[in-house]
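# Secondary and tertiary structure notes
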Amino acid sequence: MNNQSMTAQTAPMRVKSPRDPRLDVFRGLCLVMIFINHVPKNLYEDYTSRNFGFSDAAEGFVLMSGIAAGLAYSADFRAPMRLWVGFGRVWKRVWTLYMVHILTTMAALASASAVAVFLHNSEVLFLNQMDEVFSDPLRAFIGLTLLTHQFGYVNILPLYLVLLAVAPLMLMAAWRKPLWLMAGSVLLWAAAGQWHLSLPNYPTPGGWFFNPLTWQVIFITGLLTGVAMKDGRRFVPVKRWLQVLTGGFVLFAAVAAQVPEVSKAMGGTLWLLQDRLGLPWFLTAFEKSYVTAPRLLHILALAYFLSTFPAVRRACGSVFAKPFELLGRQALPVFALGSVLCIAFQGVKHALGDSLALDSALLATGLAAQFALAAARQYWPKPRTS
């Protein structure tokens, strides 16, 4: 028996488990809502998830990115003999994300420039932190390359990239000390919130809009969930009292988001808890960059509640959910295209004004392009290898 045969027999086999449709379907739904929300002041954004709770599609997207990472990479970090294979696979993906982000950033700048050239309206060039490219180009391009300067609406990939870069360490801990990893994540989230810790922007002051030091708690929750799924179990077991608690919280958040009187009463209560009882601000505020407690609790409650019902899984496996599953399977190119289009469409709206007809045309065109790209990526015939 030659060495190649021995290697083939001793190498661990990768067993491909059936793909859970919920992950792709909900990721696809998040992509649709993110795109709609990123074309501001359109009628349809009033019906996306952010209007029915404390969190929005971005939190859901990061949570599911963590789940996907746990499912895709965790097996390599269970046994020491495959650690370097795991590191290589994860960091190869990190490099891909970096290249996609840089390409998306340049394409977004080009799309805004096209609006200025062809529609004679340059307003979009001075929004979304793009103006730094013109006022201080040398430092801006250094920042863009180092990821410290990010355009608005094109800034979620750097968060994912940074979190995935350190994911190998998280995955090793997830197999061995999952509760310690979760506790450390919560402590880091609390410390970053309390002392306003973040990664620096350059050349502008302040920190990242999607602060990795706080958003990591969502990603790590997803990562631990994905690792548990890979092991054939749930990270948080199904309990009736947890279903009632999380379902009640999700319902309350929806009412608070829609009923001004409830929202005002809740805001007043949270203010009193901070002002009179001295609760830390990150437990009472609604700050997206720091994923403060109401936003964090909402996305975790929503994810748990939806994941506990078999009917949700059956619905995600139905023919009606297939278009969203397709988007979710091709999340990276779809998100990149949507980010470029939303910048262009913001410029078009500045040039042509707001109207239902224009909003409908823009969103329909953008979503059609994203579905077409996803279909091409999924079904385009692959070249035969000899």
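Description of the structure in this document. If you're wondering where the values come from, they're calculated on a predicted model, not measured in any experiment.

Parameters and conventions
- Residues numbered from 1 in each chain as written.
- Predicted model: local features only at pLDDT ≥ 70, side-chain atom pairs only at ≥ 80, totals over all residues.
- Heavy atoms only, no water.
- Helix = DSSP H or I, 4+ residues; strand = E, 2+ residues; numbered from the N terminus.
- Expected span 1.5 Å × (residues − 1).
- Buried < 20%, exposed > 50% of the residue type's maximum accessible area, 1.4 Å probe, protein only.
- Arc of directions from axis to C-beta.
- Contact = heavy atoms within 4.5 Å.
- Disulfide = S-S within 2.5 Å.
- Phe/Tyr/Trp six-rings, centres within 6.5 Å; stacked < 30°, edge-to-face > 60°.

Once that is clear, we can look at helix H9 (residues 178-195). When the terminal C-alpha atoms of H9 are compared, their 26 Å separation across 18 residues agrees well with the 26 Å that a helix rising 1.5 Å per residue should span. For H9, the set of buried residues is Leu181, Met182, Ser185, Trp189, Ala192 and Gly193. Take H9 and look down its axis: the buried residues cluster within an arc of 100°, on one side only. Those residues of H9 that are exposed and angled more than 90 degrees off the buried face are Leu179, Trp180, Leu187 and Trp195. On its buried face, H9 sits against helix H8 (167-176), helix H10 (212-230) and helix H13 (293-307). Remark: His196 follows H9 within two positions and exhibits a positive phi of approximately 55°.

Let us now look at helix H6 (residues 137-146). Those residues of H6 that sit buried are Ala140, Gly143 and Leu144. Summarising the axial view, the buried residues of H6 lie within an arc of 100°, below the 170-degree limit, and thus occupy one face. Exposed side chains of H6 directed beyond 90 degrees from the buried face belong to Leu138 and Leu146.

What follows deals with the state of the cysteines. One covalent bond between the sulfur atoms of two cysteine residues makes up a disulfide. Summed over the entire model, instances satisfying the criterion amount to zero disulfides. Here Cys30 stays free of any disulfide, with the sulfur of Cys316 as its closest cysteine sulfur at 11 Å. Given the relative accessible area of 4%, Cys316 is considered buried.

Moving on to the packing of aromatic side chains. Counted by the stated rule, this structure contains 16 aromatic pairs. Here the aromatic rings of Phe54 and Phe286 are separated by 5.3 Å at their centres, their planes lie at 70°, and the arrangement is edge-to-face. With Phe54 in the loop between helix H2 (21-37) and helix H3 (57-73) and Phe286 in the loop between helix H12 (260-275) and H13, this residue pair connects regions lying 232 residues apart in the sequence. Its relative accessible area of 8% is what places Phe54 among the buried residues. Overall, Phe286 belongs to the partly exposed group, its relative accessible area being 39%. Seen from their ring centres, Trp95 and Tyr98 are 5.6 Å apart, and the 20° between their planes marks the pair as stacked. Taken together, the residues Trp95 and Tyr98, both in helix H4 (residues 83-118) and three residues apart, mark about one turn of the helix. Taken together through their ring pairs, the aromatic side chains of Phe54, Phe249, Phe252 and Phe286 make up a single cluster.

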